[in-house]
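Structural characterization, general
Read off the chains here:
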Amino acid sequence: MLLEDQGKRLFRDHGIRVPNGLTVTAVEQVHEVSGPVMVKALVPAGGRGKGGGVRRASGVAEARAAVAALLGAMVSGHTVRSVLVEEAVTIAREMYLSISIDRSLGVPALIASGSGGVDVEAADSSRLRRWPVHPFLGIREFHVRELTAALELEGRQRAVGDLLEKLWSVFVSLDCELVEVNPLILTATGELVAADAKIVINDDSLFRHPDLEVPEPGGDGIEAAARSEGIVFVPLEGDIGVIANGAGLTMATMDSLSARGGHTGAFMDLGGTDDPARVRRAFELMVASGQKVVLINIFGAMTKCDTVAQGLLNALSGLSNPPVTVVRLRGANEERAREMLLANGIVAHPELEDAIRDAVDREAET
Ligand code: GDP
Ligand code: MN
């Protein structure tokens, strides 16, 4: 996901109206403001409005105070490093408009609502209407007609058509998964202004847009730390942290846990590695995510079982209060790994069934 100021720059380049604004990274960069301004935390996540990341200010002093409060603060799981200061548009009405990929139809879809804003997700979903768009034909006359009605903008068909064409050109030219304008503002003077810009570009197309700096999506927590080491980490709701190698084995492990009444609290795909230090780091990150039980399920091939055992033992030796750890190992160097662990009081299960039962029992005990 791009930051709002990046998205708005792209909107502006495509002729879509956005409020005039300035991106700042320090309080001193706010010199003068004419009229009321919105001060908005630039983080690659939504929900900023509800999390205090969007503030209104009138005058330089207030704007500076808002910038000072936001810089360095956490908003939607991200540390704020830059802030957008822009003219506050006078709102007559907030609307919702987006283009995304409709996975069930396999084509892009327009979604619109005559009432948008921070509560749109909670709003009655019957107010959100959806129109498939043929990827080669793009915006058609009927889209314009029907969206004009859905947005309750009767008499403004030309302006709506113009906006749809421009949004569509952003969506196509940037290989987007999502282009969302929420709120799309109808101003007191009757103009359509994009007050927010949320653009998600398909990861696999980023090489076609080398000039775009796309911020990391995962926030500043364990996800980001894991990603920087090339480890996939996904937090969930339960108490058992699953570390496995390969996407298939990781999913199968979680399914087995769930079938036995266990609850995965986070999962980690170690990928292929022959480096005990990497295994140690992965385990430490999993422990830091606060799991009651850690279940390690490794099928040794490129990743050798003894590499994993060594990494685990190194990690455990550095922890004063280690979590309950359940291990299942199979494959390359299995015997050696089992001996190493046993010498340190850890029994490695050969069968997944046993490891799953063990992990679920331990989750229930704690
Ligand atoms: P989000 O919560 O992360 O999606 O942040 P938004 O950019 O959508 O801002 C949240 C809310 O702030 C919007 O729904 C508007 O109600 C309000 N807002 C944003 N920009 C403006 C603006 O230019 N003028 C006014 N009056 N309100 C704004
Ligand atoms: Mn928004």
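Thresholds applied
Residues numbered from 1 in each chain as written. Chains lettered and ligands numbered in written order. Predicted model: local features only at pLDDT ≥ 70, side-chain atom pairs only at ≥ 80, totals over all residues. Heavy atoms only, no water. Donors = N, O, S within 2.8 Å, 3.2 Å for Na, K, Ca; no water. Helix = DSSP H or I, 4+ residues; strand = E, 2+ residues; numbered from the N terminus. Expected span 1.5 Å × (residues − 1). Buried < 20%, exposed > 50% of the residue type's maximum accessible area, 1.4 Å probe, protein only. Arc of directions from axis to C-beta. Core = buried A, V, L, I, M, F, W, Y, C linked by side-chain atoms within 4.5 Å. Near = heavy atom within 4 Å. Polar contact = N/O pair within 3.5 Å; in protein donor to acceptor, adjacent residues only side chain to side chain. Areas by Shrake-Rupley, 256 points an atom, 1.4 Å probe, with all protein chains shown as cover. Nonpolar A, V, L, I, M, F, W, Y, C, P; charged D, E, K, R; others polar. Pairing = 2+ DSSP bridges. Contact = heavy atoms within 4.5 Å. Axes fitted to C-alpha atoms, helices over the stretch in contact; angles between N-to-C directions.

Turning our eyes to something else, we now look at the coordination of the manganese ion (ligand 2). Those protein atoms acting as donors to the manganese ion (ligand 2) are Asn-182 (O) and Asp-196 (OD), and they sit at 2.1 to 2.2 Å. Taken together, the residues Asn-182 in strand E10 (residues 176-187) and Asp-196 in the loop between strand E11 (192-194) and strand E12 (198-201) connect sequence positions 14 residues apart.

Turning our eyes to something else, we now look at helix H7 (residues 276-288). In this model H7 runs 18 Å from its N-terminal to its C-terminal C-alpha over 13 residues, within 8% of the 18 Å that 1.5 Å per residue would give. Taken together, the buried positions of H7 are occupied by Arg-278, Val-279, Ala-282, Phe-283, Leu-285 and Met-286. Along the axis of H7, the buried positions cluster into a sector of 160 degrees, meaning they face one direction only. A positive phi of about 80 degrees marks Gly-290, the residue just after H7.

Moving on: the nonpolar core. In terms of nonpolar packing, the biggest core is built from 37 residues, with Phe-11, Leu-97, Leu-110 and Leu-167 touching the most fellow members. Secondary-structure elements contributing two or more residues to this core are helix H1 (4-13), strand E7 (91-102), strand E8 (107-113), helix H3 (141-150), helix H4 (157-173), E10, E11 and E12. Of all the elements, H4 adds the most residues to this core, at seven residues. Formed by 29 residues, the second largest nonpolar core is a distinct cluster that contains Phe-233, Ala-266, Ala-309 and Ala-315.

By nearness alone, 19 residues border ligand 1, and Lys-40, Arg-48, Gly-49, Val-89 and Glu-94 come closest of all. The backbone of Val-89 places a nitrogen or oxygen atom 3.0 Å from a nitrogen atom of ligand 1. Between ligand 1 and Asp-196, the relevant distance is 3.0 Å, taken from an oxygen atom to a side-chain nitrogen or oxygen of the residue. Relative to its unbound accessible surface of 570 Å², ligand 1 loses 86% to contact with the protein. When contributions to the shell around ligand 1 are tallied by element, the ones reaching two or more residues are strand E2 (36-41), strand E3 (54-58), E7 and E10. Residue classes in the shell around ligand 1 are distributed as eight nonpolar, five polar and six charged.

This part takes up the sheet that holds strand E16 (residues 293-300). Sheet architecture is open: six strands sit in the order E13-E15-E14-E16-E17-E18, paired in mixed fashion. Of all strands in the sheet, those bounded by a partner on one side alone are strand E13 (232-235) and strand E18 (348-349). Inspection of the sheet shows strand E14 (residues 240-244) paired to strand E15 (residues 264-269) by five bridges, in the parallel sense. By the bridge assignment, Ile-240 is partnered in E15 with Thr-264.

Turning to H3, a few remarks are in order. What H3 keeps buried is the set His-143, Val-144, Leu-147, Thr-148 and Ala-150. Along the axis of H3, the buried positions cluster into a sector of 160 degrees, meaning they face one direction only. Considering only its buried residues, H3 is in contact with E7, E8, strand E9 (129-132) and H4. Two residues or fewer after H3 comes Glu-152, characterised by a positive phi angle close to 55 degrees.

With that settled, the discussion passes to the environment of Ala-309. Relative to the helices and strands, Ala-309 is located in helix H8 (residues 305-317). Overall, Ala-309 belongs to the buried group, its relative accessible area being 1%. A C-alpha to C-alpha distance of 9.1 Å links Ala-309 and Leu-329, two positions 20 residues apart in sequence. Apart from the residues lying within four places of it in its own chain, the contact partners of Ala-309 are Ala-337, Met-340 and Leu-341.

What follows deals with the sheet that holds strand E1 (residues 21-24). Whenever strands of a sheet pair, they do so through backbone hydrogen bonds, lying parallel or antiparallel. One open sheet accounts for four strands, arranged E1-E6-E2-E3; its pairing is antiparallel. The two strands at the open ends of the sheet, each matched to only one other strand, are E1 and E3. Adjacent strand axes in the sheet meet at a mean angle of 25 degrees when their direction is disregarded. Here E2 runs beside strand E6 (residues 83-87); their pairing, made up of five bridges, is antiparallel.

Among the secondary structure elements, His-349 is positioned in strand E18. At 3.0 Å, the side chain of His-349 and the side chain of Asp-358 are in polar contact.

We now examine the pairing of E7. Note that E7 and E10 share eight bridges and pair antiparallel. By the bridge assignment, Leu-97 is partnered in E10 with Val-181. Where E7 and E8 come together, seven bridges link them in antiparallel fashion. Among the inter-strand pairings, Tyr-96 is bridged to a residue of E8, identified as Ser-113. Two successive antiparallel strands, E7 and E8, enclose a turn made up of four residues, where Gly-106 displays a positive phi of approximately 75 degrees.

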